[in-house]
Structure formats: structure tokens, C-alpha cells
Amino acid sequence: MAPSAVETTTAEHPATKKAAVPLDDYKQIGIRRFSKEAETKGTGDFAPATYQKYLPTWDPEQKYPPLPPFDHIDPGTQADPTYPDLLGDGVEISHLTPTIGSEVRGIQISSLTDAGKSQLARLVAERKVVAFRNQDFARLPIPEALRIGGFFGRHHIHPASGCPEGYPEIHLVHRSAGDNTYDRIFANRVSSVGWHSDVSYEEQPPGTTFLYILDLPSTGGDTLFADGVEAYNRLSPLFQERLHGLKAVHSAIEQAEASVKRGGILRREPVVNEHPIIRTHPVTGEKAIYVNPGFTREIVGLKKEESDAILKFLYNHLAYGADFHVRVRWEKDTVVVWDNRVTQHSALADWKTGERRHLARITPQAERPFQTPFKA
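Each chain has its residues counted from 1, following the order in which its sequence is written. Reporting in this predicted model follows two pLDDT cut-offs: at least 70 for local features of residues, and 80 or more for side-chain atom pairs to be given and counted; totals over whole chains, interfaces and linings ignore these cut-offs and use all residues. To obtain the side-chain values, all non-hydrogen atoms of the structure were included, while hydrogens and water were left out.

*Asks:* When you look at the sheet that holds strand β5 (residues 208–215) in this model, what are you seeing that I'm missing?
*Replies:* Sheet strands associate in pairs through backbone hydrogen bonding, adopting either a parallel or an antiparallel arrangement. Taking strand neighbours across the sheet as the criterion, the seven strands line up as β1-β2-β3-β13-β5-β15-β4 in an open arrangement whose pairing is mixed. Every other strand in the sheet has two partners, leaving β1 (92–95) and β4 (170–175) as the edge strands with one partner each. On average, each strand axis in the sheet is inclined to that of its neighbour by 20 degrees, with strand direction left out of account. Where β5 meets strand β13 (residues 335–339), five bridges bridge the pair, whose relative direction is antiparallel. Whether two strands pair comes down to DSSP finding at least two bridges between them. Working definition: helices are DSSP H or I runs of at least four residues, strands are E runs of at least two. Numbering for both runs from the N terminus. Fitting a line to C-alpha atoms yields each axis, with helices limited to the stretch in contact; the angle taken between N-to-C directions then spans 0 to 180 degrees.

*Asks:* Quick question: what am I supposed to make of helix α2 (residues 114–127) here?
*Replies:* Think of an α-helix as 3.6 residues a turn; residues three or four steps apart then line up on the same face. In this model α2 runs 20 Å from its N-terminal to its C-terminal C-alpha over 14 residues, within 8% of the 20 Å that 1.5 Å per residue would give. Judged by how many residues are buried, α2 sits mostly within the fold: 11 of 14 residues are covered. Exposure classes here rest on a 1.4 Å probe applied to the protein chains alone. A residue is buried below 20% of its type maximum, exposed above 50%, and partly exposed in between. Gly116, Lys117, Ser118, Gln119, Leu120, Ala121, Arg122, Leu123, Val124, Ala125 and Arg127 are the residues of α2 that are buried. Expected helix span is taken as 1.5 Å per residue step, with the number of steps being one fewer than the number of residues.

*Asks:* Sorry, what's going on with the UniProt feature "domain: TauD/TfdA-like" (unreviewed entry) in the protein here?
*Replies:* UniProt positions are given in the numbering used here, feature names are shortened, and annotations may be inferred rather than shown by experiment. Those residues carrying the UniProt feature "domain: TauD/TfdA-like" (unreviewed entry) are residues 93–363 in this numbering. Measuring from the first to the last C-alpha atom of residues 93–363 gives 24 Å, for a span that is 25% helix and 26% strand.

*Asks:* I'm lost on the environment of glycine 101 in this one. Help?
*Replies:* Tracing the sequence through the fold places glycine 101 in the loop between β1 and β2 (102–105). Separated by 97 residues in sequence, glycine 101 and aspartate 198 place their C-alpha atoms 18 Å apart. Two residues qualify as a contact provided that any one of their heavy atoms is within 4.5 Å of a heavy atom in the partner residue. The residues contacting glycine 101, other than those within four sequence positions of it, are His95, Leu96, Arg127, Val129 and Val326.

*Asks:* Explain helix α8 (residues 304–320) to me, please; I cannot follow it from the model alone.
*Replies:* Between its terminal C-alpha atoms α8 stretches 24 Å, which fits the 24 Å expected from 17 residues at 1.5 Å a residue. Turning to α8, its buried residues are Ser307, Ile310, Leu311, Leu314, Tyr315, His317 and Leu318. Along the axis of α8, the buried positions cluster into a sector of 160 degrees, meaning they face one direction only. When the buried face of α8 is taken as reference, the exposed residues oriented beyond 90 degrees from it are Glu305, Lys312 and Tyr320. Here, the arc refers to the directions that run from the helix axis to the C-beta atoms.

*Asks:* Sorry, what's going on with unusual backbone geometry here?
*Replies:* Most peptide bonds are trans, and most residues other than glycine sit at a negative phi. At lysine 128, a position not held by glycine, the phi torsion is positive, near 75 degrees. Among the secondary structure elements, lysine 128 is positioned in the loop between α2 and β3 (129–132). Lysine 128 sits in the buried class, given a relative accessible area of 2%. At valine 199, a position not held by glycine, the phi torsion is positive, near 35 degrees.

*Asks:* Explain the confidence of the model for the protein to me, please; I cannot follow it from the model alone.
*Replies:* Interpretation of the predicted coordinates at a detailed level should be avoided for regions scoring low in pLDDT. A score between 0 and 100, pLDDT records how confident the predictor is in each residue. The pLDDT averaged across the protein works out to 91; a share of 91% of its residues lies at or above 70. Within the model, pLDDT remains below 50 along residues 1–32, and this stretch shows 92 contacts once partners closer than five positions in the same chain are excluded.

*Asks:* What am I meant to see in the side chain of aspartate 339 here?
*Replies:* Tracing the backbone shows aspartate 339 in strand β13. Using a relative accessible area of 0% as the deciding quantity, one classes aspartate 339 as buried. Within polar-contact distance, the side chain of aspartate 339 engages the side chain of histidine 281 at 2.6 Å. In protein, a polar contact requires one atom able to donate a hydrogen and another able to accept it; more generally it is a pair of N or O atoms within 3.5 Å, and residues adjacent in sequence count only if both atoms are side-chain atoms. A polar contact of 2.9 Å, which involves the side chain of aspartate 339, links it to the side chain of arginine 341. Excluding anything up to four places from it in sequence, aspartate 339 contacts Val124, Ala125, Lys128, Gly207 and His281.

*Asks:* I tried to follow the environment of glycine 207 on my own but got confused; where do I start?
*Replies:* Residue position: glycine 207 is located in the loop between α4 (181–186) and β5. A residue is classified by how much of its surface remains accessible, and glycine 207, at 1% relative accessible area, is buried. When the C-alpha positions of glycine 207 and glutamine 365 are compared, they lie 5.7 Å apart, and in sequence the two are 158 residues distant. Discounting residues that sit within four places of it in the chain, glycine 207 has contacts with Trp338, Asp339, Asn340, Arg341, Pro364, Gln365 and Ala366.

*Asks:* Explanation requested: the pattern of salt bridges in the structure shown.
*Replies:* Side-chain pairing between opposite charges can occur once the charged atoms of the two side chains come close. Just to be clear on terms, a salt bridge is a Lys or Arg side-chain nitrogen sitting within 4 Å of an Asp or Glu carboxyl oxygen. Counted under the stated rule, the structure contains 27 salt bridges. Residue aspartate 179 pairs with arginine 175 through a salt bridge whose shortest N-O separation is 3.9 Å. For arginine 175, a relative accessible area of 7% translates into the label buried. Across the pair arginine 341 and glutamate 367 runs a salt bridge, and its minimum N-O distance is 2.9 Å. Taken together, the positions of arginine 341 in the loop between β13 and β14 (343–347) and glutamate 367 in the segment after β15 (357–362) put the pair 26 residues apart, joining distant regions of the chain. Of the two residues, arginine 341 and glutamate 367, both sit in the buried class. Several salt bridges share partner residues, and in doing so they unite Asp74, Arg279, Asp339, Arg341 and Glu367 into one network.

Okay, here's the thing in C-alpha cells:
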């Protein structure tokens, strides 16, 4: 998870703990911001969690070897661009901004054929972020949700986050009912925004990514997305050309150290990888800025001051470009699908009510980032 104000809470375990921490043990081991009573039984102010099979557990015995390379062909490359199996009769699509973000109603992701899923990948590559409303995704058996997600790539298992018991492929974003998220965050910060591209430190970072709502505040807790393609297009041709050929270091070390420091789990040793600063999408051929303050550390071959200056400019450009951002408002039964290769995102911790915010992410990995030659 990136250093966002609303990242998934990592449990604190005694060093001697040998199994997944069940709900009955949460209070005893002193996990902050997780209340068994609030989550499983509710309180006078809050109902129980709607989807208790998705409540987080942390298993310190889960250990995985380094991720081996794999061949990935994006299903969007084989999709019919007219979307006959995705946007047929009765399906409504509306675009939220000119370059990024759409809403779709009238179709169930769980009912799509393979052709429809390939067209979904292409639509998401083109629109960057698509909110599918009125979905049954959260009500599916977890193995079925994973089967659908697995169509888009190999499942990524997060090194340090909570997961539903028995399903480490699911990354959970969870804030308990009654948690004082707002007061705690803003005691030391003036903004909860934390732009990042998920686990960009992997050799093959995620592509088509699924995030679905389980419980949400009555208002607030939205997610912001930035369009890395349009951000690249806004740059002058001379600056675009100078960025071509440059690579940046993406590191998981700091995230791993933070988890260990607070007594959390670490499923896999942290990795460091170099990726092109400008990345080409395999389906659209579009180029996007691919650095983020969550995981990018330096530009290869530049002195520190040079690297810092360029990265600071790119981070600010992406963060302040409200005219290529979209804000997705969560609704009950929404699945947001985005292309992690060409976007960045940030959740917003702007609700003061103590209401639960609970989401699940399925994170298929894609190809190793590559760059095609520069053309003015």
C-alpha cells in the first residue's frame, strides 16, 4: 500500500503468533482501529459489517517466494472496439470527463462472456476508469470473484495488507465503524490525498484492476484518479523527448519497513525495480507518465538534485491537473475498474461520522512496463 492517509490498516502481531488472527483475538493483541464488536455485532450507532467474509485477517505464517516473470497478453488487444458483447441493448454509458472516467449501468460483470471481458479491458484502457453500478460482485463467492479477475492477469498478493481468511489474493481497504480516522489523520496533516499507482515496484505491476465496495459512509470517502496519458500529452514535445529513455527506481523497501516497524506481516521480501518514466500502453499505444510519490525514489543516472527536480515537477503536474482528474463517488454495489498502468489514484478521508469504509481489490498483474520510440 502506498503512504496514503487511508491505506489498509496492518495488524500488529506478537512475534510468537503462529496463525491467522481470528476475530476473537483482535482485542487481545491490541490492534488499533479494529473493533470486533463494531464489525461483527454492530453498536448503538453502527450496524455490523455487511460482508463479514471480507473482514481482514493477518497471517504471519504466509510467506511467498519472489514473483517469477510470466508472459502477459492483455485481453484488450483481442477485443472488438465496437463493444458488441459489453455495451449492447439496454446498457447505458456516460462519460464523466472528456479523457478519463465513465459510468456504466445495465450489465453485470459476472455475466460477461470472455469476449465481453476482453472488451471491458479495452474500454478501461481507453477510458482509464470505469464505474460499473448495480453489480452483484460483492455477493459472489470469493473464488468466483477471483476467477473473473484472473481472466485479466496473474493475481497479485500484497506483501503486507489484510485479506479475507484463506484468500490472500484479495487486498482489503478497511476502516472500522467508530474509527476516528478523520481526527487522527488531520492531527498532523492538512490533506488526506496520497497519489500512487498500486505496487509499481513489482517487475510486472498491475494492469486492469478491480475495486468493489462493501460498506461506505453516507457521504465522503470518494476516490480520485489522475490521467497519466493526458498529463503526458500536456507536456511540450521537447520535454517529452527528454523524458524518453529515462528510467526511475520503484521501491517496496520503505513499505516493508513500515509494516515490520509497527509489528505487521511481511509475506514476501521487498523488491526494487527500474521502469521507464514514460510508459506505453499495449492496447491503445498511448504513452503515460509512470512515476508516483508513493513508490518512485530516483531517476537512474541523474544526480540527486537533478532527479528530485524532475520528479517534483512530474508529481506536482499530476497532482494539480484537476482538468485531467476524475472523482468517483462510491454507491452501493459499485465495482470500479481502472487501468493501473496509465492512472494514479488517492482515496479521500473526508468523512467525520465514524462510519465504516470497506472495500476489496482484485489486482491482476500485467506486462513489464515498456516504452516505444518517441515521435513528436
